[in-house]
Every structure is written in structure tokens, then in C-alpha cells.
Amino acid sequence: MNHDDLNHWSKRAADWATAYHAGLRDRPVRPDVTPGAVAAQLPAAAPEHAEPMETIFADFEAIVPGATTHWQHPRFFAYFPANASPASMLAEQLANAMAGQGMLWQTAPAATEIEGVMVVWLRDAMGLPSAMTGTIHDSATTATLSAVLTMRETALAFRSNVTGLSVQPRLRLYASEQTHSSVDKAVRIAGIGQDNLVKVALDSRFAMDPAALDAAIRADLDAGHLPCGVVLCVGGTSIGASDPIAACIAVAKSHELPVHVDAAWAGSAMICPEFRPLWQGIEGADSIVFNPHKWLGAQFDCAVQFLADPTAQLRTLTIKPDYLLTTGGPVTDYSDWTVPLGRRFRALKLWFTLRAYGLDGLRNRIRNHVEWAGELADVIAELPGLEITTPPALSLFTFAARDDAATQSLLERINADGRIYLTQTRHLGRYVIRVQVGQFDCTRDDVMMVAEVVRELSA
Ligand SMILES: *Cc1c(COP(=O)(O)O)cnc(C)c1O
């Protein structure tokens, strides 16, 4: 395989991709495959001798698509979307062709500068303060970890990076029960410890109760602990719950604590001004993460973190051995902002996506998804034996049958059927089915097919 062959096979791959996308509606969203079936088709060891690309490509076609869960299927309503717009796919292809590594400005001037501009474009499109800067991570998990590490270092006057945590006071971090498990993972990795992640009580809308936050911080201060920060959520993963951002930030600020907001899914909707009341007060946040790879169409992986002031995060994460020093004036080295040293050129797919659809094209999609989710919830609410258990939060709602066993068996029948794909969560102890509308190419008909399938299979 050389670059001439690559030219030929790239065209084959492009043709394959076109046919794949055109045929997606005819495939089940989730494959009917048993664990181990794919591995069993591969030889036990790597080939000693080169194989022809013809054989490799044929094996790909025979083994992979039929054992793939199709995230770009227009009737994927599970989890949250991982949208890949065609423009984003093209950008990834170009980034892959250059295959650069953007740890420093010097190793990737274009990637670094386009990243800076994309953060500004998105910040302004989402109505965030013009003083905010930011960076692009692989995932919301890494962005939240970076924020939590920064909270830890700030609380300990930047000593713990050097001394470790063994002689430090007990750090405490606050988040709601609806917050994503990536926050739990961050406190574990950061050495703060799961026991020191305080899950603050919720109000009747499953949002953090600011008075309970204040009480939790005060109780920890009385006990001699060291509060280090608050993580709030906008559009939680389970049912789409959002914390009252303004009120919780006011409490955090009264204790001089930094605030990180996880809006991994719902953040994309903030390009529509009418949804911004959901995070009213956001301008007071120190750090915000959202995933353009979820709802905006810049494919996985792409998580944007906005920072009111990057100084503390840079002080936490920057490490500059001699072999990484560069000369030639002040530049931004984004590896100082993030956990890994090496970085992919993720900004290119944002640049292509934002230009190819325009903010109005992206807003249109999100508005349609929210509207269709509302219509769908209304139809499901009328089906016998079913009830809406949480109303639409943007485009996410849940429903259930009369008891857990009936709900679970309905979900299994739905997913065995293959026309749509839904997943479950537990809410107030009850097993419920989640529906989120957000696939980039889905139509109203695709969404309404959920009602059809559920009606048929729940009868
Ligand atoms: C998806 C999601 C995450 C995790 O995202 P990754 O980018 O996969 O790490 C975190 N928080 C919320 C609210 C999410 O929806």
C-alpha cells in the first residue's frame, strides 16, 4: 500500500460511505450480534506477510458494518447523539491526510489558530461573555477532569501537584445527584476521592437546591474540610435535569468557590437564544464544557471547554521540559490547557461544519428536534398502558409502562425489532425508557415512527 494505492482506495471508501449512508434506514439501528462473534472471525495473530488491500477491504465489508451500532442512523434515539455531519467527515478526512500532532503552536500553527477562532465563534454564537477563552478536548470527561484538577490546585495554592495529597486537608467538591458520572470519575482520578464528592439535595424539578448547597458547604467548613469547587449540570444525561445556574453560582461565589458547568449535550442548543433561560446566569461560570460531537454535527471526538480565566488551569496543567520549548515569540501551546500532550486537529471539523450549515442551519435542526420530541411525547402519552415519566427537557423525555418488568420487556421488544433504538435509565427508583431526538439527518417521519413502533409493540 503506497500513496497511489491510497488514492484509489480513498475513492472506493468514499463510494462505500455514500452507499452506506443512503442505505442506513434499511438497516436495523443496532445489529443482531452475539458477544465474541466478531473476534471469532479474526485470525489469532497478526499476518507475517503483507495482504492485498482487496482482501482487507472485503473483510471489512463482510465483518464490520453488520456488527455495528449505527450512530448515524436517522432513527437512533438512544443515549445522546454522536452526530457526524458530512462536512465534518470531509474535514476529518483532510486532517487525517496531513496527520499532524498539535501539541504546540510550532507543531501545528494552523490547527492552533483555527482552534482559537472556533472557540470564539462558538462562545459568541452561544451568547457567552466575550472575555471567555477556551480549548478543545477529546471528551467532556477530560474537560471536567481538567476543571476539577484546577479546582484542587487552586484550593491548595498549587502545592498538591508537587507534594501530592497525603498531607493536605480533606478536599470537598459539590455536585447534584443528576450530574454525569464523569464528575465521579474526575474526583477519583484527581485524588479527591469519591467520598468527598458531596451529592447535594435536589428540589422537586431534580435541580440542585441552592440552600442545600450552601448548607453542605457550611457543614464542611465547620468540620474543618476544604471546599474546592462546585460542578453544575445543564441537561443531565438521565432525564435532562438542569441546576439553577444563577442561584448556585451565587452560593459558590459567596464562599469564593469556582464553578464548572457540564452542558455536554444541552450546550449545543444554546446557539438558539430561546433555550438560554435553561442556563440563565452562565456568565458567572469559571468553566463550561459542551460537546459539539453530540448535537452540533462536528463528529466525535470534540469537546469544547470555555474558561473565564485560563490562568489557574494553565498553572495546573502546564509542564515544559526542554524538549518542548520553542522560540519565536509568545504563542498558545494548547497542550498546556489539556491533560494529554498530543492533540488531534479537531478544530477543522468545527470550521467546516459551522460554515457548511451556518448557525441558522444548525439552529433549525435543533429547533426541529425539540419540536418533534414534544409532538412525540404527546402521542405516546395517549397510548394505553403508557405514561410520560419525565416531560421533554429540550428533546429528551422518558416514558414507562405499568411496572418495571413490563417496561423492560417493552424496551427489549423495541430494540429487537430494529427500526428504532432506545435506551433506559432509572428515575425515582423506576425503570424508564429514554427518548432523545437529535440525529443530524432525522426527519419528522423518523421521529413519528417511534410512536408507531411503541404502539405496535406495547399492544
Ligand atoms: C455525554 C455526557 C458526558 C460525557 O461525555 P464524554 O465526552 O463522552 O466524556 C458528560 N456529561 C454529560 C451531561 C453528558 O451528556
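Summarised in this report is the structure supplied together with it. (Residues numbered from 1 in each chain as written. Predicted model: local features only at pLDDT ≥ 70, side-chain atom pairs only at ≥ 80, totals over all residues. Heavy atoms only, no water.)

**Here we look at the nonpolar core**
Link 1 in the chain: Ranked by internal contacts, the top residues of the largest apolar core, which has 65 residues, are Trp 279 and Phe 306.
Link 2 in the chain: Take this core: its biggest share by element is 8 residues, from helix 12 (residues 347-381).
Link 3 in the chain: The contacts of Trp 279, once residues within four sequence positions are left out, are Met 126, Leu 128, Val 234, Ile 245, Ala 263, Met 270 and Ile 288.
Link 4 in the chain: Formed by 29 residues, the second largest nonpolar core is a distinct cluster that contains Ala 377, Ile 380, Leu 386 and Ile 433. (Core = buried A, V, L, I, M, F, W, Y, C linked by side-chain atoms within 4.5 Å. Buried < 20%, exposed > 50% of the residue type's maximum accessible area, 1.4 Å probe, protein only. Helix = DSSP H or I, 4+ residues; strand = E, 2+ residues; numbered from the N terminus. Contact = heavy atoms within 4.5 Å.)

**Comments concerning the packing of aromatic side chains**
Link 1 in the chain: The full count for this structure, using the stated rule, is 14 aromatic pairs.
Link 2 in the chain: Where Tyr 79 meets Tyr 421, the ring centres are 6.2 Å apart and the plane angle is 80°; that geometry is what we call edge-to-face. A residue pair is termed long-range when its members are at least 10 positions apart, and Tyr 79 in the loop between helix 2 (53-63) and helix 3 (86-98) and Tyr 421 in the loop between helix 13 (404-417) and strand 10 (423-427) qualify at 342 residues.
Link 3 in the chain: A ring pair is formed by Tyr 357 and Phe 440, whose centres lie 5.1 Å apart and whose planes are at 80°; its orientation type is edge-to-face. You can see Tyr 357 sitting in helix 12 and its partner Phe 440 sitting in the loop between strand 11 (430-436) and helix 14 (444-458), a full 83 residues away along the chain.
Link 4 in the chain: Ring pairs connect the aromatic residues Trp 9, Trp 16, Tyr 20, Phe 57 and Phe 60, which therefore count as one cluster.
Link 5 in the chain: One Lys or Arg, Arg 434, reaches over the ring of Phe 80 and ends 5.0 Å from the middle of that ring. (Phe/Tyr/Trp six-rings, centres within 6.5 Å; stacked < 30°, edge-to-face > 60°. Lys NZ or Arg CZ within 6 Å of the ring centre and 35° of its normal.)

**Observations regarding the sheet that holds strand 3 (residues 197-200)**
Link 1 in the chain: Taken in spatial order, the 7 strands of this open sheet run 1-7-6-5-4-2-3, and their pairing is mixed. The sheet is open, and its two edges are formed by strand 1 (133-137) and strand 3, each paired on a single side. Pairs of neighbouring strands in the sheet enclose a mean axial angle of 20°, with direction left out of account.
Link 2 in the chain: Here 4 bridges tie strand 2 (residues 171-176) to strand 3, and the two strands are oriented parallel to one another. (Pairing = 2+ DSSP bridges. Axes fitted to C-alpha atoms, helices over the stretch in contact; angles between N-to-C directions.)

**Looking at helix 12**
Link 1 in the chain: Given a rise of 1.5 Å per residue, 35 residues ought to cover 51 Å, yet the end C-alpha atoms of helix 12 are separated by just 42 Å, more than 12% below that figure.
Link 2 in the chain: For helix 12, the principal kink sits at Gly 358 and spans about 85°. (Expected span 1.5 Å × (residues − 1). Bend = angle between axes of the 7 residues up to and from the residue.)

**So, the sheet that holds strand 11**
Sheet strands pair by backbone hydrogen bonding; their relative direction is either parallel or antiparallel.
Link 1 in the chain: Across the sheet, which stays open at both edges, the 4 strands sit in the order 8-9-11-10 with antiparallel pairing between neighbours. Among the strands making up the open sheet, the edge pair consists of strand 8 (387-393) and strand 10. For this sheet the average axis-to-axis angle between neighbouring strands, irrespective of direction, equals 30°.
Link 2 in the chain: Sheet topology places strand 10 next to strand 11; 5 bridges connect them, and they run antiparallel. Paired with His 427 across the two strands is Arg 430, which belongs to strand 11.
Link 3 in the chain: Contacting strand 8, strand 9 (396-400) and strand 11, helix 12 crosses the sheet at an angle of about 170° to strand 8.

**Regarding the side chain of Thr 112**
Link 1 in the chain: If you trace the backbone, Thr 112 turns up in helix 4 (residues 109-125).
Link 2 in the chain: Within polar-contact distance, the side chain of Thr 112 engages the backbone oxygen of Ala 108 at 2.8 Å.
Link 3 in the chain: In this view, Thr 112 contacts Leu 104, Trp 105, Thr 332 and Tyr 334; residues no more than four positions away in its chain are not counted. (Polar contact = N/O pair within 3.5 Å; in protein donor to acceptor, adjacent residues only side chain to side chain.)

**What about the site of the ligand?**
Link 1 in the chain: Inspection of the region around the ligand gives 13 residues, with Ala 140, Thr 141, Asp 262, Asn 291 and Lys 294 positioned closest.
Link 2 in the chain: Contact distances for the ligand include 2.5 Å between an oxygen atom and a side-chain N or O atom of Thr 141.
Link 3 in the chain: A distance of 2.8 Å separates an oxygen atom of the ligand from a polar side-chain atom of Lys 294.
Link 4 in the chain: Look at the ligand: alone it shows 390 Å² of surface, and the protein chains cover 87% of it.
Link 5 in the chain: Those elements that place two or more of their residues in the shell around the ligand are helix 5 (140-155) and helix 10 (292-295).
Link 6 in the chain: Considering only residue class, the shell around the ligand consists of 3 nonpolar, 8 polar and 2 charged. (Near = heavy atom within 4 Å. Areas by Shrake-Rupley, 256 points an atom, 1.4 Å probe, with all protein chains shown as cover. Nonpolar A, V, L, I, M, F, W, Y, C, P; charged D, E, K, R; others polar.)

**Digging into the pairing of strand 5 (residues 259-262)**
Link 1 in the chain: Neither face of strand 5 is left uncovered, since the one carrying Val 259 and Val 261 and the one carrying His 260 and Asp 262 both have all their residues buried.
Link 2 in the chain: Two elements, strand 4 (residues 226-233) and strand 5, share 4 bridges in a ladder whose sense is parallel. Pairing of Val 230 across the sheet is with Val 259, part of strand 5.
Link 3 in the chain: At this point the chain moves from strand 4, through helix 9 (residues 245-254), to the parallel strand 5, and the crossover so formed is right-handed.
Link 4 in the chain: Here strand 5 runs beside strand 6 (residues 287-290); their pairing, made up of 3 bridges, is parallel. Opposite Val 261, over in strand 6, you have Ile 288 as the bridge partner. (Right-handed = clockwise from strand over helix to strand, strands pointing away.)

**Overview of the packing of helix 12 against helix 14**
Link 1 in the chain: At a closest axis distance of 10 Å, the pairing of helix 12 and helix 14 adopts a crossing angle of 20°. Here helix 12 lies roughly parallel to helix 14, going by the angle between them. Crossing of helix 12 against helix 14: the hand is right-handed. Here Trp 372, Glu 375, Leu 376, Val 379 and Ile 380 of helix 12 come into contact with helix 14, specifically with Arg 444, Val 447, Met 448, Val 450, Ala 451 and Arg 455. (Parallel < 35°, antiparallel > 145°, perpendicular 65-115°, else oblique. Left-handed = near helix turned anticlockwise from the far one by under 90°.)

**Notes on the pattern of salt bridges**
Link 1 in the chain: Per the stated rule, a full pass over the model turns up 25 salt bridges.
Link 2 in the chain: Across the pair Arg 344 and Glu 92 runs a salt bridge whose closest N-O atoms are separated by 2.9 Å. Here Arg 344 is found in the loop between helix 11 (311-317) and helix 12, whereas its partner Glu 92 is found in helix 3, with 252 residues between them in sequence.
Link 3 in the chain: Under the relative-accessibility criterion, Arg 344 is labelled partly exposed at 34%.
Link 4 in the chain: Members of the salt-bridge network, linked through shared partners, are Glu 92, Asp 301, Arg 344, Arg 346 and Lys 349. (Salt bridge = Lys/Arg side-chain N within 4 Å of Asp/Glu carboxyl O.)

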